[in-house]
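Coordinate analysis (summary)
For reference, the chains in residue letters:
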Amino acid sequence: MRDPFAEVSDTALVLGIARYHQEALAEAYRRHAGAVFGLARRLLSERALAEEVVQEVFLRLWNDPDRFDPGRGALRSYLLASAHGRAVDLLRSEGARRAREDKDARRTADCGYDVEHEVWDLATADQVRRSMARLPEGERLAIELAYFGGYTYREVATRLGEPEGTVKSRIRSGLKRMRNELVSAGLAMGEG
């Protein structure tokens, strides 16, 4: 069976794509994917990223063929412009990601690995857990929701079905008990 889109113009291909003819997309891909891939590969230098760009460009053509305007230029030019834009976006996002990773690596390298600090943090966390477990249930629940659950005082009050003032008092009281226990355990606290 002969492909009905093999001999038609690029504009007719886009019309076929707009009517969800997969054969039209396949023919557009056959005609232009090599050029799109070549441009993306030159810009990105990584085969996998270039292939991703090709896929996104033709998927965008399939999903939104009306964006192609034959009055503004050829289909190949449109696809190459789309590939260029997407490749530049990838370069920018990859550059930003690498910059974040480099910054994080420098930060952690500057900090170094401090075994004493790590042990102190673990001991403190363990003591905080023990202190939390000894709190009365109302204080413990309010603190858990506010400090570990990320809820506001009002949200904690709603969740617990208590007045906001009661919740604030329970949190204050619980934190004071915990502070006293932590100081008694030898974990110096800042002045509060």
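The sections below set out a description of the structure shown in this document. Bear in mind the structure is a predicted one, so any value in this text is a computation, not a measurement.

**Remarks on the overall build of the protein**
- Check the secondary structure of the protein and you find 8 helices and 0 strands.
- The order of α-helices and β-strands along the protein, N terminus first, is α-α-α-α-α-α-α-α.
- In terms of overall dimensions, the protein is more spread out than a globule: its C-alpha atoms have a radius of gyration of 31 Å, far above the 16 Å expected for 192 residues.
- The principal-axis extents of the C-alpha atoms in the protein amount to approximately 85 × 45 × 30 Å.
- Out of the 192 residues belonging to the protein, those deemed buried represent 28%.
- Long-range contacts, defined here as pairs at least 24 residues apart, represent 54% of the contacts in the protein between residues at least 6 apart.

**Comments concerning the packing of aromatic side chains**
- Considering all chains together, one arrives at 3 aromatic pairs under this definition.
- Between Tyr29 and Phe58, the ring centres sit 5.0 Å apart and the planes meet at 65 degrees, which makes this aromatic pair edge-to-face. Placement of Tyr29 in helix 2 (residues 22-44) and of Phe58 in helix 3 (residues 47-63) is noted, with a sequence separation of 29 residues between them.
- Residue classification places Tyr29 among the partly exposed residues on the basis of a relative accessible area of 45%.

**Description of the environment of Arg154**
- Locating Arg154 in the fold gives a position in helix 7 (residues 153-160).
- Each C-alpha atom, one on Arg154 and one on Glu137, is 18 Å from the other, the two residues being 17 residues apart in sequence.

**Considerations on the nonpolar core**
- Phe58, Leu61, Leu75 and Leu79 are the most contacted members of the largest nonpolar core, which totals 27 residues.
- Secondary structure elements with two or more residues in this core: helix 1 (10-18), helix 2, helix 3 and helix 4 (75-111).
- Contacts of Phe58, omitting those with residues within four sequence positions, involve Leu25, Ala28, Tyr29, His32, Ala33, Val36 and Leu79.
- In terms of nonpolar packing, the next biggest core, distinct from the first, is built from 11 residues, Met132, Ala142, Ile143 and Ala146 among them.

**Some remarks on the packing of helix 1 against helix 2**
- Contact geometry of helix 1 with helix 2 gives a least axis separation of 8 Å together with a crossing angle of 140 degrees. Classified by the angle their axes make, helix 1 and helix 2 are oblique. Crossing hand, helix 1 versus helix 2: left-handed. Contact residues: Asp10, Leu13, Gly16 and Ile17 in helix 1; Ala24, Leu25, Glu27, Ala28, Arg31 and His32 in helix 2.

**Thoughts on unusual backbone geometry**
- Phi at Tyr20 is positive, roughly 65 degrees, even though this residue is not glycine.
- By the secondary structure assignment, Tyr20 is in the loop between helix 1 and helix 2.
- With relative accessibility at 60%, the residue Tyr20 sits in the exposed group.
- With phi around 65 degrees, Ser45 is a residue other than glycine that occupies positive phi space.

**Remarks on the pattern of salt bridges**
- Applying the stated criterion across every chain, the model contains 16 salt bridges.
- One salt bridge in this structure joins Glu27 and Arg30, with 2.4 Å as the shortest N-O distance. With a gap of 3 residues between them, Glu27 and Arg30 both fall in helix 2, about one helical turn apart.
- When its relative accessible area of 57% is taken as the criterion, Arg30 is described as exposed.
- As a salt-bridge pair, Glu164 and Lys168 come within 3.7 Å of each other at their nearest N and O atoms. You can see Glu164 and its partner Lys168 sitting in helix 8 (residues 164-184), 4 residues apart, about one turn around the helix.
- Residue classification places Glu164 among the partly exposed positions, given a relative accessible area of 27%.
- A network of salt bridges, in which partner residues are shared, links Glu46, Glu94, Arg97, Arg98 and Glu101.

What counts as what
- Residues numbered from 1 in each chain as written.
- Predicted model: local features only at pLDDT ≥ 70, side-chain atom pairs only at ≥ 80, totals over all residues.
- Heavy atoms only, no water.
- Helix = DSSP H or I, 4+ residues; strand = E, 2+ residues; numbered from the N terminus.
- Rg over C-alpha atoms; globule rule 2.2 N^0.38 Å.
- Buried < 20%, exposed > 50% of the residue type's maximum accessible area, 1.4 Å probe, protein only.
- Contact = heavy atoms within 4.5 Å.
- Phe/Tyr/Trp six-rings, centres within 6.5 Å; stacked < 30°, edge-to-face > 60°.
- Core = buried A, V, L, I, M, F, W, Y, C linked by side-chain atoms within 4.5 Å.
- Axes fitted to C-alpha atoms, helices over the stretch in contact; angles between N-to-C directions.
- Parallel < 35°, antiparallel > 145°, perpendicular 65-115°, else oblique.
- Left-handed = near helix turned anticlockwise from the far one by under 90°.
- Salt bridge = Lys/Arg side-chain N within 4 Å of Asp/Glu carboxyl O.

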